[in-house]
Amino acid sequence: MAGREAVLNDAIETHEHDVLVLGAGGAGLRAAIEALAQGVSVGVICKSLLGKAHTVMAEGGIAAAMSNVDAADDWRTHFRDTMKGGKLLNNWRMAQLHAQEAPARVNELEQWGAIFDRTQDGRILQRAFGGHTFKRLCHVGDRTGLEMIRTLQDRGVQMGFDVYMECTVAKLLKDGERVAGALAYWREQGRFVLFKAKAIVIATGGIGKAYRVTSNSWEYTGDGMALAYDAGAELLDMEFVQFHPTGMVWPPGVQGILVTEAVRGEGGTLKNRLGERFMEKYDPKRMELSTRDVVARAIYTEVREGRGTEHGGAFLDISQKPAEYVKRKLPSMYHQFKELADVDITREPMEVGPTCHYMMGGIRVDAESAQSSVPGLFSAGEAAAGLHGANRLGGNSLSDLLVFGRRAGMAAAEYAKKAAAPSAAAADAEAAQREALAPFERREGENPYTLHRDLQVTMQNLVGIFRTREDLEKALGELEALKRRLAAVSVEGSRMFNPGWHLALELRSMLTVSEAVTRAAAMREESRGAHSRIDFPNTEAAWGKKNIVVKREGGAMALREQPTAELPDELKKILAEEK
Ligand SMILES: Cc1cc2nc3c(=O)[nH]c(=O)nc-3n(C[C@H](O)[C@H](O)[C@H](O)COP(=O)(O)OP(=O)(O)OC[C@H]3O[C@@H](n4cnc5c(N)ncnc54)[C@H](O)[C@@H]3O)c2cc1C
């Protein structure tokens, strides 16, 4: 026993915090700031550099019913839009808290130094976005995420959180039922590092890298969801993967890179190869400002029926607006197309098509505290589930990060203040290290890159926008085969600067979340929001009252139906109103 302790306490670098936050995106930083404000010690771990989290890529804006542009807006309308966008599968309490608290979180961000675009009379400017009744997105041109991260990061550093950058968490450690810490490795040197903590907040973002065409960055390998699942937490709504309608389609090297919805928010129109404004057929009322699930399916259908562009997409045109306006409101889009595709969007249309963008599913959490089903384990942001139901509205993620990041940080700090120091079993940390190093032990195994490519093709082709039982069953077979192949993967070289090794470890997470997505998609025999079954094309009332929960049981993945909670009468009334 003494020997084991030595491994934990002496040989391995060890850090201890009351609250450990995994992830330095908007959710993680906001959680860390709130936990610090409660007077506990906070460590933030991120696998990329501080300031480079995925949130930095967010473009269009933060949804909050500030009523600065449309005076009729209020939290009730935002709540209704969010629930309707999510096809009523949302956790209603999360949707209510989100709509009520988002304006205060945006104001706070401004007080901390964020410089938003302004109305003539100096208030925060808001723009239109798909599925939002009113102009609601607070924005900084099309670089809103950058401003958010810059502001939160400055605030957190000033307040004094400890940041562990380029450090990847590979395993959560437990003390009985509760969390006790995490085992991680430094990406640069490959050395292990042990974190002891009373409470952990998972804010590690989404899963897009399991798909071939995605707007997501390399960080999006579903680590947090898989870590939580392995630690016994429940996952929710995993069948709902959002395909954003407008990613770049040409040239091939940039396929999937996002074309922000702000282009449509600013008046961009969608046309097919024949010059038809095809949204008239799919949603004549909202047209291009319809929800993402509807627009993505519309483009996909146009292409499939032979009316797509040369490279298999649709045309998105903003050139009817004055060139100076386009450059001022959409500067990143202007440069992105000029530099990557040699297209001047002030004169020519963009070619766009659906791209895997956002994960509505994730770790199941309590609405008030963001605590998962594992004591001491909290989650917020894209890694968590509930707020968005079957489909997320644009802009509702950045507000989600602020509202539930704050709640998770506060609740984690409160939990840590009351909790005794846990002790993680040394044997678990040792086993996790051995497991992580196994790919070095195997000789002449498969290389992780081919396996990743095959996983992406499986998910893209068989678990994409349109699904069938046949495809999903085929995908499950292929995922089983990929799991066997992963157990035989080997990596070359040393632990230093070894991206192949990192990928081999991330593949464990990608396979776990891919299996959860596929199993839940097979179970939901209807079409709703982002989940479209060709063999079950209708939306079924019975499924509208059920979420799907995924949990590890006896080493295997078990799924169950969870009835949605009944809405209180006052919220039912709000849902029934039309504005
Ligand atoms: C191009 C693009 C534009 C978007 N625009 C908008 C928009 O305008 N409005 C909107 O509301 N939403 C937008 N979204 C969605 C939104 O940006 C994301 O959902 C949101 O930023 C996720 O934030 P997060 O804090 O949950 O995670 P992230 O910002 O992704 O942060 C995750 C963090 O976890 C860390 N991490 C991951 N795994 C590990 C691990 N194993 N160990 C340690 N650290 C780990 C990462 O390093 C990172 O620091 C956009 C998304 C994209 C791709």
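Residues numbered from 1 in each chain as written. Predicted model: local features only at pLDDT ≥ 70, side-chain atom pairs only at ≥ 80, totals over all residues. Heavy atoms only, no water.

Participant: Sorry, what's going on with the overall build of the protein here?
Facilitator: Helix and strand counts for the protein come out as 17 helices and 21 strands. For 579 residues, the compact-globule estimate of 2.2 N^0.38 gives 25 Å, and the C-alpha radius of gyration of the protein, at 23 Å, lies within 12% of that figure. Seen along its three principal axes, the alpha-carbon backbone of the protein occupies a region of about 75 × 50 × 50 Å. Looking at the protein as a whole, 61% of its 579 residues qualify as buried. Long-range pairs, those at least 24 residues apart, make up 74% of the contacts in the protein between residues at least 6 apart in sequence. (Helix = DSSP H or I, 4+ residues; strand = E, 2+ residues; numbered from the N terminus. Rg over C-alpha atoms; globule rule 2.2 N^0.38 Å. Buried < 20%, exposed > 50% of the residue type's maximum accessible area, 1.4 Å probe, protein only. Contact = heavy atoms within 4.5 Å.)

Participant: I tried to follow the site of the ligand on my own but got confused; where do I start?
Facilitator: Not every one of the 39 residues close to the ligand is listed here, only the nearest: Thr 55, Gly 60, Glu 219, Tyr 220 and Glu 382. Notes on the ligand: free accessible area 1000 Å², of which the protein chains cover 99%. Class assignment for the residues of the shell around the ligand results in 15 nonpolar, 18 polar and six charged. (Near = heavy atom within 4 Å. Areas by Shrake-Rupley, 256 points an atom, 1.4 Å probe, with all protein chains shown as cover. Nonpolar A, V, L, I, M, F, W, Y, C, P; charged D, E, K, R; others polar.)

Participant: In this structure, what is going on with the pairing of strand β8 (residues 178–186)? I would like to understand it.
Facilitator: On a regular strand, each side chain points to the face opposite its neighbour's, so the side chains alternate between the two faces of the sheet. For β8, a buried count of nine out of nine residues is recorded, marking the element as mostly surrounded by other parts of the structure. Examined bridge by bridge, strand β7 (residues 167–175) and β8 share eight bridges and lie antiparallel to one another. In the sheet register, Leu 173 faces β8, and the bridge partner there is Gly 181. Here β7 folds back onto β8 in antiparallel fashion, the turn holding two residues, of which Gly 176 has a positive phi close to 65°. Strand direction decides the pairing type here: β8 and strand β9 (residues 192–202), joined by five bridges, are antiparallel. (Pairing = 2+ DSSP bridges.)

Participant: How do you make sense of the side chain of Thr 355 when you look at a structure like this?
Facilitator: Among the secondary structure elements, Thr 355 is positioned in strand β14 (residues 350–359). Using a relative accessible area of 0% as the deciding quantity, one classes Thr 355 as buried. Looking at Thr 355, its side chain comes within polar contact range of the main-chain oxygen of Gly 256, at 3.0 Å. Setting aside residues no more than four positions away along its own chain, Thr 355 makes contact with Val 213, Thr 214, Ser 215, Gln 242, Phe 243, His 244, Thr 246, Gly 247, Gly 256 and Leu 258. (Polar contact = N/O pair within 3.5 Å; in protein donor to acceptor, adjacent residues only side chain to side chain.)

Participant: Explain the sheet that holds strand β13 (residues 314–317) here, please?
Facilitator: Sheet strands pair via backbone hydrogen bonds, and the direction of the pair is either parallel or antiparallel. The strand order across the open sheet built from four strands is β11-β14-β13-β12, with neighbouring strands paired in antiparallel fashion. In this open sheet, the two strands that pair with only one neighbour each are β11 (241–248) and β12 (269–271). Strand-to-strand twist of the sheet, defined as the mean angle between neighbouring strand axes without regard to direction, takes the value 45°. Looking at chain direction, β13 and β14 are connected through three bridges and run antiparallel. Looking across to β14, one finds that Ala 314 is bridged to Val 352. Sitting on the sheet, helix α9 (residues 292–304) is in contact with β11, β12, β13 and β14, with an inclination near 55° to β11. (Axes fitted to C-alpha atoms, helices over the stretch in contact; angles between N-to-C directions.)

Participant: What is the right way to read the pattern of salt bridges from this model?
Facilitator: Any two side chains of opposite charge can pair, on the condition that their charged atoms come close. Tallying each qualifying case throughout the model produces 49 salt bridges. Of the charged contacts in the structure, one is a salt bridge between Asp 535 and Arg 533, with a shortest N-O distance of 2.8 Å. Note on Asp 535: relative accessible area 31%, which makes it partly exposed. If you follow the salt bridges from partner to partner, you end up with Arg 93, Glu 101, Glu 368, Arg 406 and Arg 407 in one network. (Salt bridge = Lys/Arg side-chain N within 4 Å of Asp/Glu carboxyl O.)

Participant: Mind showing me how you'd approach the confidence of the model for the protein here?
Facilitator: Low pLDDT marks stretches whose predicted atomic positions should not be read closely. Looking at the protein, the pLDDT average stands at 95 and 98% of residues meet or exceed 70. In this model residues 1–10 is a low-confidence stretch, pLDDT under 50, and it forms 15 contacts with partners more than four residues away in sequence or in other chains. (pLDDT = per-residue confidence, 0-100.)

Participant: Mind showing me how you'd approach the packing of helix α3 (residues 75–85) against helix α17 (residues 569–576) here?
Facilitator: Pairs of packed helices are described in terms of their axes, by the angle between the two and the distance that separates them. Where α3 meets α17, the closest approach of the two axes is 9 Å, and the angle between their N-to-C directions is 80°. When the axis of α3 is compared with that of α17, the two are roughly perpendicular. In this structure, α3 contributes Trp 75, Arg 76, Phe 79, Arg 80, Met 83 and Lys 84 to the contact, and α17 contributes Leu 571, Ile 574 and Leu 575. Of the residues that constitute the contact of α3 with α17, the class distribution is six nonpolar, no polar and three charged. (Parallel < 35°, antiparallel > 145°, perpendicular 65-115°, else oblique.)

Participant: Just checking my understanding: could you explain the nonpolar core for this structure?
Facilitator: A general trend in soluble globular proteins is that nonpolar side chains are found buried together. In this structure, Val 19, Val 42, Phe 79, Leu 172 and Met 238 are the most contacted members of the largest nonpolar core, which totals 142 residues. The biggest single contributor to this core is helix α16 (residues 499–523), with 13 residues. Ignoring sequence-local partners within four residues, the contact set of Leu 172 consists of Leu 22, Gly 181, Ala 182, Ile 200, Ile 202, Leu 227, Ala 228, Ala 231 and Leu 377. (Core = buried A, V, L, I, M, F, W, Y, C linked by side-chain atoms within 4.5 Å.)

Participant: So what exactly am I meant to see when it comes to the pairing of β13 here?
Facilitator: Bridge analysis of β12 against β13 gives three bridges, and the strand direction is antiparallel. Note that in β13 the partner of Leu 270 across the bridge is Leu 316.

Participant: Honestly, the environment of Ile 200 in this entry has me stumped. Any pointers?
Facilitator: Along the chain, the position of Ile 200 falls in strand β9. With 80 residues separating them along the chain, Ile 200 and Gln 120 place their C-alpha atoms 44 Å apart. With residues near it in sequence (within four places) discarded, Ile 200 still touches Leu 20, Leu 22, Leu 172, Val 179, Gly 181, Gly 376, Leu 377 and Phe 378.

Participant: When you look at the state of the cysteines in this model, what are you seeing that I'm missing?
Facilitator: Taken as a whole and assessed by the stated rule, the structure comprises zero disulfides. Here Cys 167 stays free of any disulfide, with the sulfur of Cys 46 as its closest cysteine sulfur at 8.4 Å. (Disulfide = S-S within 2.5 Å.)

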